[in-house]
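# Understanding the architecture of this molecule
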Amino acid sequence: MFDLIPHPDTPPVSIRAVQIELTGDADEILLTVKVDGAENLAIPDWQTPTRADNLWKATCFEMFLNPAGTQQYFEFNFSPSSQWAAYKFDSYRHNMRNVHLPIDPHVERGIEAGEDFVIEVDLDLTSIPPGSLNMNLSAVIEELDGTKSYWALAHAPGPPDFHNSDCFIATLPAPNTP
């Protein structure tokens with residue numbers, strides 16, 4: 001279980017915590033995101049499950065993966081609307097392009113459980129190069145009053161920037177080989 005922290009310059013009003021649990025391996029993972037204090041969470045309307053850009057403009061959960069020893073990285077965005085995005089960069093914010101995924105991610109629309117909101121994402125990672133991956137998990141959280149807070153495993157100095165390599169503090173291990 002990974003606990004995200006809000007950026008100090010963009011504190012939430014009523015959201016108390018954002019946690020992400022990963023299960024599976026480096027080929028296929030299930031991300032389970034829990035937002036505590038979600039009674040004031042702005043949840044995007046359900047949409048047909050498809051790839052979409054600009055999901056970060058509303059409540060959105062993200063995963064960044066960087067193959068160890070390289071500058072390239074991958075960005076995945078998942079909206080409670082059921083829409084998703086996948087991008088590849090050659091280096092920090094350079095040469096962004098869509099990543100073809102062999103299987104579209106499955107985003108399970110959030111489950112409201114008391115004061116918590118839960119979203120699950122099943123993601124096939126076979127299009128990512130094999131090996132150990134540096135990882136950042138993050139979230140853009142919009143509240144009903146319009147407040148936006150930016151959550152991540154770690155934050156670099158300055159404004160929120162999930163692409164900054166200083167935020168890639170976790171590791172997604174390489175899959176077990178027989």
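Residues numbered from 1 in each chain as written. Predicted model: local features only at pLDDT ≥ 70, side-chain atom pairs only at ≥ 80, totals over all residues. Heavy atoms only, no water.

### So, the side chain of D161
Under the convention used in this document: Helix and strand labels come from DSSP, where a helix needs a run of H or I of at least four residues and a strand needs a run of E of at least two; each type is numbered from the N terminus. Each residue is assigned to one of three classes by its accessible area relative to the maximum for its type, calculated with a 1.4 Å probe on protein chains only: buried under 20%, partly exposed between the two thresholds, exposed over 50%. We define a polar contact as two N or O atoms separated by no more than 3.5 Å, with the added condition that, inside protein, one atom must be a possible hydrogen donor and the other a possible acceptor, whereas residues neighbouring each other in sequence contribute only through side-chain atom pairs. Note on contacts: a residue pair is in contact if any heavy atoms of the two residues lie within 4.5 Å.
Turning to its location among the elements, D161 is positioned in the loop between strand 11 (148-152) and strand 12 (170-172). Residue class for D161 comes out buried when judged on its relative accessible area of 15%. Side-chain polar atoms of D161 contact the backbone nitrogen of H163, separated by 3.1 Å. Residues within four places of D161 in sequence aside, it is in contact with Y92, R93 and C167.

### Remarks on the pairing of strand 10 (residues 133-142)
As a reminder of what qualifies: Strands are labelled as partners when DSSP assigns at least two bridges between them.
In terms of burial, strand 10 is a largely internal element, 8 of the 10 residues being buried. Taken together, the 8 bridges between strand 4 (residues 60-67) and strand 10 define a ladder with antiparallel strand orientation. Looking across to strand 10, one finds that M63 is bridged to L137. For strand 10 and strand 11, the ladder comprises 5 bridges, and the chain directions are antiparallel. The residue of strand 11 that forms the bridge with V140 is Y150. Taken together, strand 10 and the strand that follows it, strand 11, pair antiparallel across an intervening segment of 5 residues, in which G146 is found at a positive phi of about 95°.

### Considering the pattern of salt bridges
For clarity, the threshold we go by: For this document, the term salt bridge refers to a Lys or Arg side-chain nitrogen within 4 Å of an Asp or Glu carboxyl oxygen.
Going through the model one piece at a time under the given rule, you end up with 5 salt bridges. In this structure, R16 engages D36 in a salt bridge whose closest nitrogen and oxygen atoms are separated by 3.3 Å. Placement of the pair is R16 in the loop between strand 1 (2-6) and strand 2 (17-24) and D36 in strand 3 (residues 28-36), with a sequence separation of 20 residues. As a salt-bridge pair, E39 and R16 come within 3.6 Å of each other at their nearest N and O atoms. A residue pair is termed long-range when its members are at least 10 positions apart, and E39 in the loop between strand 3 and strand 4 and R16 in the loop between strand 1 and strand 2 qualify at 23 residues. Under the relative-accessibility criterion, R16 is labelled partly exposed at 43%. Shared partners join several salt bridges into a network, and the residues in it are R16, D36 and E39.

### Some words on the packing of aromatic side chains
This is how it is decided: When the centres of two rings from Phe, Tyr and Trp lie within 6.5 Å, Trp using its six-membered ring, the rings pair. Their planes under 30 degrees apart give stacked, over 60 give edge-to-face, and anything left gives tilted.
All chains considered together, the criterion is met by 6 aromatic pairs. Judged by centre distance (6.0 Å) and plane angle (65°), the rings of F64 and F168 are edge-to-face. Of the two residues, F64 sits in strand 4 while F168 sits in the loop between strand 11 and strand 12, which places them 104 residues apart along the sequence. Like F168, F64 is buried. With a centroid separation of 6.5 Å and 5° between ring planes, the pair formed by F76 and F78 is classed as stacked. Judged on exposure class, the residue F76 and its partner F78 are both buried. An aromatic cluster is built from F64, Y73, F89 and F168, whose rings are joined through pairwise contacts.

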